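Coordinate inspection notes
Chain residues, written in single-letter form:
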2 protein chains.
Amino acid sequence: MVVSHNEAEKSAEVTSKEPHGSVRARFAAYFADWQRRSLVEGWVCPTRDLLDSIGDTWSTLILMSLAAKPLRFSAVWRAVPDISKRMLTQTLRSLERDGMISRHVFATKPPSVEYRLTELGDSLLESMSALVEWTERSHPVVLRARMRFDALEDAAG
Amino acid sequence: MVVSHNEAEKSAEVTSKEPHGSVRARFAAYFADWQRRSLVEGWVCPTRDLLDSIGDTWSTLILMSLAAKPLRFSAVWRAVPDISKRMLTQTLRSLERDGMISRHVFATKPPSVEYRLTELGDSLLESMSALVEWTERSHPVVLRARMRFDALEDAAG
DNA sequence: CAGCATCCGTGCGGATACTG
DNA sequence: CAGTATCCGCACGGATGCTG
């Protein structure tokens, strides 16, 4: 936290220099667009909708487990530590419903079911890679930021 | 859902051709790495940790609202539709703690507080842009997939 | 093997009222 | 203006037991 005794107006000048423009400008435009679209009745934000769906605890982990090759139910279960069978079933269904994975039933005895990434699921992983790399790079930075924040908070009482 | 009456083994051949390799291969490697690291006691997955933090209902929206320029508390409130003051305060605190935004208090009467994106927050938006563009592109595809899935489910009973 | 059904605890986030 | 404090519903997800 930064405390200043200058007037609030001071900050306007600082910000007008547009830090390193293009990315912020693009997101600013996107957000303005988002604000307009959100006024339309019945409008569903694509980002919200899809991230609500794949942003749960297990979806991306399951998608990644299928990146190398298709796996059967029990193989996915072994691949993803600590997931319950209930959540595995549920998440696989949700991913299939969204078209991220396909489900192939083989009429063997006992039955075996194979799940594989679709083109859509593959394109999602592709689009996530930049973000995943960012989290790997930034995690130490965030951990330090948290420690500093918590320390200052304790000091303040 | 695809039903086959071939043997399960048939699929192994199909998959060995590695669809369009590099992205899947990279994620397969990343996932294998993730599996190994998850065995270490006390290990925290960076992606899980950071996405848990910024993957909530409001964080990314707030970050985007600050992309154009710093805003004061009430301005953020107006910019983000339907957020409660409670969640705004809470989310701003969380983002500040993680170092995504900085908080600047101006000693005016009544007090005014300004929030602005940090370099880290900016880099997050940057890394998210590919994913956001993907959601915009893919939303129609997913909606169609869902309709087909639900239709087949209804037909099956 | 690949699920489904049921019960249940926890935490996210909304609503409301109050303060320096 | 910029928060805090309290109450509370509800959905996410864990645990367990059962089936074709």
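Residues numbered from 1 in each chain as written. Chains lettered and ligands numbered in written order. Predicted model: local features only at pLDDT ≥ 70, side-chain atom pairs only at ≥ 80, totals over all residues. Heavy atoms only, no water.

Topic: the protein's contact with DNA strand D
In the vicinity of DNA strand D, 20 residues are found, and the nearest of them are Thr57 and Arg86 of chain A together with Ser74, Arg103 and Tyr115 of chain B. Taking Arg72 of chain B, its side chain carries an N or O atom lying 3.1 Å from a phosphate oxygen of DNA strand D. In this structure, a phosphate oxygen belonging to DNA strand D sits 2.5 Å away from a side-chain N or O atom of Arg103 of chain B. It is helix α6 (residues 85–97) of chain B that contributes the most residues to the surface near DNA strand D, four residues altogether. Tallied by class, residues from the surface near DNA strand D come to eight nonpolar, five polar and seven charged. (Near = heavy atom within 4 Å. Polar contact = N/O pair within 3.5 Å; in protein donor to acceptor, adjacent residues only side chain to side chain. Helix = DSSP H or I, 4+ residues; strand = E, 2+ residues; numbered from the N terminus. Nonpolar A, V, L, I, M, F, W, Y, C, P; charged D, E, K, R; others polar.)

Brief notes about the interface of chain B and chain A
Contact residues are listed per partner, giving 88 residues for chain B and 89 residues for chain A. Interface area, chain B with chain A, both sides summed: about 8,000 Å², of which 62% is carbon and sulfur. In this assembly, chain B and chain A are joined by 14 salt bridges. Taking the shortest distance from any N to any O, the salt bridge between Glu133 of chain A and Arg26 of chain B comes out at 3.9 Å. In this structure, the connection of chain B to chain A is made through 26 residue pairs in polar contact (both at pLDDT 80 or more). With 28 residues, helix α7 (residues 119–156) of chain B is the single largest residue contributor to the side of chain B that touches chain A. (Contact = heavy atoms within 4.5 Å. Buried area = accessible area lost by both parts, 1.4 Å probe. Salt bridge = Lys/Arg side-chain N within 4 Å of Asp/Glu carboxyl O.)

Topic: the packing of helix α7 (residues 119–156) of chain A against α6 of chain B
Contact geometry of α7 of chain A with α6 of chain B gives a least axis separation of 8 Å together with a crossing angle of 115°. Packed against α7 of chain A, whose contacting residues are Ala145, Arg146, Phe149, Asp150 and Glu153 of chain A, the element α6 of chain B presents Arg93, Glu96 and Arg97 of chain B at the interface. Tallied by class, residues from the contact of α7 of chain A with α6 of chain B come to two nonpolar, no polar and six charged. (Axes fitted to C-alpha atoms, helices over the stretch in contact; angles between N-to-C directions.)

Quick notes on α6 of chain B
Along its 13 residues, α6 of chain B runs 18 Å from first to last C-alpha, staying within 8% of the 18 Å computed at 1.5 Å per residue. Those residues of α6 of chain B not exposed but buried are Leu88, Thr91, Leu92, Leu95 and Glu96 of chain B. Projected down its long axis, α6 of chain B carries its buried residues within an arc of 135°, all on one side. Among the structural elements, α7 of chain A together with α4 (59–65), α5 (73–79), β3 (101–106) and β4 (112–117) of chain B are those in contact with the buried residues of α6 of chain B. After α6 of chain B finishes, the residue Gly99 of chain B shows a positive phi value of roughly 85°. (Expected span 1.5 Å × (residues − 1). Buried < 20%, exposed > 50% of the residue type's maximum accessible area, 1.4 Å probe, protein only. Arc of directions from axis to C-beta.)

Side note on the protein's contact with DNA strand C
For DNA strand C, the set of nearby residues contains 20 residues, the closest of which are Thr89, Arg103 and Tyr115 of chain A together with Thr57 and Arg86 of chain B. Counted by atom, the contact set of DNA strand C within 4 Å of the protein is 64% sugar and phosphate. Between DNA strand C and the protein, one listed contact pairs a base oxygen with a side-chain N or O atom of Lys85 of chain A at 3.3 Å. In this structure, a phosphate oxygen belonging to DNA strand C sits 2.6 Å away from a side-chain N or O atom of Arg103 of chain A. Counting residues per element, the ones that place at least two in the surface near DNA strand C are α5 (73–79), α6 (85–97) and β4 (112–117) of chain A together with α6 of chain B. Among the elements that take part in the surface near DNA strand C, α6 of chain A stands out by supplying four residues, more than any other. Counted by class, the surface near DNA strand C contains eight nonpolar, five polar and seven charged residues.

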